[in-house]
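Analysis of the macromolecular model
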Amino acid sequence: MALKRYTRMEYGSPDEMVFGEAKYPVSYGLGQTVGAGMVVPEINFAPRPGAEKNPETLRREYVDYITKDILDRAITLGFPAVQLENEHIFQMVNDPEKFEKPVVAGQKELMQKYHDEYGIALSIRHTIADPRLAEEGLRPGMDKKHSYPEKTIEAFEVAAANGADLLSVETMGGKEVADYAILRQDVRGWLFGIGYLGSLDMEWIWPQIVEIAKKNKIRAGGDTNCAGANTSMFMAGGYLDKDIPRTFSAVTRAIASARTLVAWEAGATGPDKDCGYEGPILKSIAGKPTAQEGKNCQCAHADLMGNLIAQVCDLWSNESVEYHPEFGGSSVQCWLGSIGYEAALMNTAKQLKQDKLLRDMYMATDRYRCPEAFILAYDNAYKIGQAIVENGNDIYLRSKAAGMTAARLIEEENKAGKLKLSKHEQDMLRKIITDLSALPDEESKFVDQCLKAYKDIPMFNPKNYGL
Amino acid sequence: MLDLKSVNYDRVLRRYDIQMESKETPEELAGRMVPKDPLLKKIAEDVVFMRYKNVNDDVTAALKNFSPEDIIEQGLIKGMDVVGELYGRGIYYLPHVMVAADAMDRGVKLCESKMKGARETRGKVVMHVAEGDPHDIGKNIAAVLLKSNGYSVVDMGRDVAVSDVVATVESEKPQLVTGTALMTTTMSAFPKVAERLQEKGINIPFICAGGAVNRAYVESYPMGVYASKAIQGPTLANAAIGGADWRKLRENWDKLTAAKE
C-alpha cells in the first residue's frame, strides 16, 4: 500500500488547534468519538509481577480486577466517556492464543456490560508489544530463534479479532543505532537511527496494522517514539539529572515527529499513542486526534511539561500504573479520577468557550521549563510541522529539517533570555547546529555516509531495513 | 495566544540546575588528580579530555618506560577516575563518560596486546537483561562503567532466559551478576534466577536495576541488591570485591550509594 505523504499543513495556523477538537475526529468502540469537542480520559495499567504466571492468573488480573475497578470508578464519578489502554506484556505477544486472547475478549465483554447498563461511552486501545530484536532480525523469516516479527503480526490479528477497538504499537526500529548515538551525543547517528531507519521500519509494519484494522472494522491509532525520544527525555530528566543535556533531548523529539508521522501516512486514523510527546507536532500537520500525558502521569514518570502537553490533546492519559491498592481505592481507580477530573476541567472550559484561554494557561506554565517543552508549545510545534511538510516526501530531509528548526527555535529564545540553558546545554546546542549543518542535502549520500560510520555498532544490521 | 509578558516566571519555576552549576572546570580538577609523570599524565589527560586519536601514540611512547600493567593502572584508569569525579560533581554528563571510556578501552587493548599473560582485572561480572525484555540501554551504560573501573564483563545481552543466566554464572564463576528490566512482568525473572543460583550453591550479590524495579522488590529475594542508577554499579562492585556479601551490601546500601544518587 502506498503511503500518503503530508506536504501541507491541515491547520491554517497554530491558533486553530485546541484540546478536544481535531480536524478529523474518529469514532469507534462502544459509542466513543475522539476529537469532536470533548477530551476523553485514557487509563492505562500494568499487571502486578507474578500475574503472568499462567493465562488464567493474567486474565483475572486484567479483567476481574483492573477492568472492573476502572469501570466501577468511572460510573461512581460520573465520567461520560472513558478509554482503556492495555499495553501488552511480553507473554501476550509471545503466545497470543494462550495469553492474549482471553484478556482481550474478557475486557471487552465486561465493557459491553457497563455500556449496555449505564450508556457510558467506552473503548479500548490494545498496544501490541514489539519484542523484535535487531540482532535476531526485524522482518519475517529472519529471527530463527524466537520468530518475533511473525508473532508481533499474529498478536495484532488476535487483538483485532477478539475485542480491540484501536490498535497501537511502540515500534523499536532504529533503536540500536539511536541508543549508541545518544550515549555519544551524536545527532547524526540519532537522525539516522530514528529519522531514517525508524521511518523505514514503520513503513514496513504500519500498512499491515492498517489492513488488520480494516479487515476487523476497527481503528489503527498510531505509534510513538517511546523507544527513542522518550529514552532521550528520561535520560535528560529534571534539574538534578546530568545524563544528557536537555537541548539534545528537545532536538531528538522534533526528529522523532517526522518518523511517528509514518503511521498516519500509512492510513492510521489516530488517536496516536499517549507517550508520544511529539503528538502536538503530528496533530498540527495531519489534523488527527492525539493522546497525550503529563501532570496526571506522575505514577509512571516525571517530565518538565506536565501542564503544557495538555494544550492540544484529545485523549488525556496517565501513561501507566502498576495495579496495587492505594488509600483511595486501587491505583487504576485513583489515577482514573486524576485524569478524569482534568478532562472534566477541559470539557467545562469548552462549554464555557474558554478552552483557548485554558490551552494558553497550560502552555504558559511550562513554556520555559525546558527546551523540549518550549519546542512543543503549540506555536513552535506548528513551525516544526511546517518544516516537515516542506520536505514531506523525503524521510531524511524532513527529519533533518525538524531537528534544525527545533535547534534554531531554542537558540533564538535563549538569546532573547527567556529560555535559560546551562552551559553544557548551550555547548550541545551549538554542536547540534554545526553537525546538522554539515549533513548532505541528498538522502543517498547521507545513507552511504551513515552505513560506513555506523557499520560496527553492535546489533545493527542494514538488512533489517531492506538496505 | 495570550500575551505572556506580564508573567513573572520566578513565581512559576526555579532553574535549580543553573543555580547549582559548578564553577570548577574539568582542567582545574584534572590538574589536581592526574599523575605527575609527564608520560602517564598525557595518557590520563587523553582519557579525561576524550582525545581518542592520541591514545595509541601516547601509550606506545609510555611503553618504553612503563609496563603495560602500570600504564593501565596509573595512566588510563587514573584518567577514568577523574572522569568519574567530574561526572559525580555534575561537570561532565554521561556521554562524556562513554566517550572517555572508549578512549580508555583503546589504550587498554593496546597494553593487553603487549602483555605476556591475561590482564588481572578487579573482578568478573556477568550481566543480562531479563527474559522478554528488549530494553538494554541501562545495562550497556553499566557495562561501560564497570569496564572502565577495571572489571571484566561477560555481557549476555537482552531477552536472556533464566536457565542461560544460571548456566553462564556456573561456568564463568563471576564475583557479581547483574540483571536489568524495564517492565513489572519481566523483572519477575529475577527471583527465579536467584532461586536457581541458590539451588546450585552460588551465593554472590545479584545487582538488579531498571525502570519498574525498586529496592523493596529486589530485597524480597535472596542475593538481590538494588541499584537505582548505572553509576552505582562500580561502587557496589568495589564493596563486594572488598569483602561485603549481599547482606552487607543491603545493610550499607544507603551509605554506599549516597554520593552516587
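Throughout this document, residue positions are counted from 1 along each chain, in the order its sequence is written. Written order decides the labels, with chains lettered from A and ligands numbered from 1. Local features in this predicted model are restricted to residues whose pLDDT is 70 or higher, and side-chain atom pairs enter the listing and the counts only when it is 80 or higher, whereas totals over whole chains, interfaces and linings include all residues.

Of the regular secondary structure elements, chain A holds 16 helices and eleven strands. Counting only C-alpha atoms, chain A reaches 60 × 55 × 40 Å along its principal axes. Per-residue burial over chain A gives 64% buried out of 467 residues. Two residues qualify as a contact pair if the distance between their C-beta atoms, derived from the backbone, is within 7 Å. Sequence-distant contacts in chain A: of pairs separated by 6 or more residues, those separated by 24 or more amount to 73%. Each helix is a run of DSSP H or I of at least 4 residues and each strand a run of E of at least 2, with the numbering of both proceeding from the N terminus. Partly exposed residues are those falling between the two cut-offs: more than 12 but fewer than 20 other C-beta atoms within 10 Å of their own, whereas 20 or more means buried and 12 or fewer means exposed, with C-beta atoms placed from the backbone.

What follows covers the sheet that holds strand 1 (residues 123-129) of chain B. All names here are of chain B. Strand pairing is assigned whenever DSSP identifies at least 2 bridges connecting the two strands. The five strands lie next to each other as 2-1-3-4-5, forming an open sheet whose pairing is parallel. Because the sheet does not close on itself, it has two edges, and the strands there are strand 2 (151-155) and strand 5 (224-226). Across the sheet, the mean angle from the axis of one strand to that of its neighbour is 30°, orientation sign disregarded. Here five bridges tie strand 1 to strand 2, and the two strands are oriented parallel to one another. Of the residues in strand 2, the one forming a bridge with Val 125 is Val 153. Only the contacting stretch of a helix is used when fitting its axis, a line to C-alpha atoms as for every element, and angles between N-to-C directions run 0 to 180 degrees. Together, strand 1, strand 2, strand 3 (176-180), strand 4 (206-209) and strand 5 form the strand contacts of helix 11 (residues 232-241), whose direction differs from that of strand 1 by roughly 135°.

Attention now moves to the nonpolar core. Any set of buried Ala, Val, Leu, Ile, Met, Phe, Trp, Tyr and Cys residues joined through C-beta atoms within 7 Å is what this text calls a nonpolar core. In terms of nonpolar packing, the biggest core is built from 236 residues, with A:Leu167, A:Ile209, A:Ala406, B:Val83 and B:Ala100 touching the most fellow members. Sort the elements by how many residues they give to this core and helix 6 (residues 187-215) of chain A lands first, with 14 residues. Residue ranges assigned to the domains are those given by an automatic or database domain assignment. Three or more residues apiece are contributed to this core by two domains, here domain 1 (23-113) and domain 2 (123-260) of chain B. Contacts of A:Leu167, omitting those with residues within four sequence positions, involve A:His126, A:Ile128, A:Phe156, A:Ala159, A:Ala160, A:Ile209, A:Ile212, A:Ala213, A:Ile218, A:Ala220 and A:Gly221.

Our next topic: the interface of chain A and chain B. Facing the 36 residues of chain A at the interface are 32 residues of chain B. Elements with a minimum of two residues in the side of chain A that touches chain B: helix 2 (90-94), helix 11 (355-366) and helix 15 (423-437) of chain A. Charged means Asp, Glu, Lys or Arg here, nonpolar means Ala, Val, Leu, Ile, Met, Phe, Trp, Tyr, Cys or Pro, and polar covers whatever is left, Gly included. Of the residues belonging to the side of chain A that touches chain B, the class tally is 15 nonpolar, eight polar and 13 charged.

Residue and element names in this part refer to chain A. Helix 4 (residues 148-162) packs onto helix 3 (residues 96-118) with a crossing angle of 30° between their chain directions and a minimal axis gap of 9 Å. In terms of their interaxial angle, helix 3 and helix 4 are classed as roughly parallel. Crossing geometry of helix 3 relative to helix 4 is assigned as right-handed. On helix 4, the residues that touch Pro 96, Glu 97, Glu 100, Lys 101, Val 104 and Ala 105 of helix 3 are Glu 154, Ala 155, Val 158, Ala 159 and Asn 162. Its residues assigned to classes, the contact of helix 3 with helix 4 comprises six nonpolar, one polar and four charged. In these notes the angle categories are as follows: under 35 degrees is roughly parallel, over 145 is roughly antiparallel, 65 to 115 is roughly perpendicular, and the rest is oblique. Take the far helix as the reference: if the near one is turned anticlockwise from it by less than a right angle, the crossing is left-handed, and if turned clockwise, right-handed.

All names here are of chain A. Alignment of strand 1 (residues 21-28) against strand 2 (residues 32-36), held across four bridges, turns out to be antiparallel. Its bridge partner being in strand 2, Glu 21 is matched across the sheet by Ala 36. If you look at the hairpin formed by strand 1 and strand 2, you'll find three residues sitting between the two strands, and Gly 29 has a positive phi there, around 70°.

Residues and elements named next belong to chain B. For chain B, the domain assignment lists domain 1 (23-113) and domain 2 (123-260). Just the C-alpha atoms count here: the centres of domain 1 and domain 2 sit 27 Å apart. The interface is formed by nine residues belonging to domain 1 together with eight residues belonging to domain 2. Among the elements of the structure, helix 5 (68-88) and helix 6 (94-113) are those that each provide at least two residues to the side of domain 1 that touches domain 2. Within the side of domain 1 that touches domain 2, the residues separate by chemical class into seven nonpolar, one polar and one charged.

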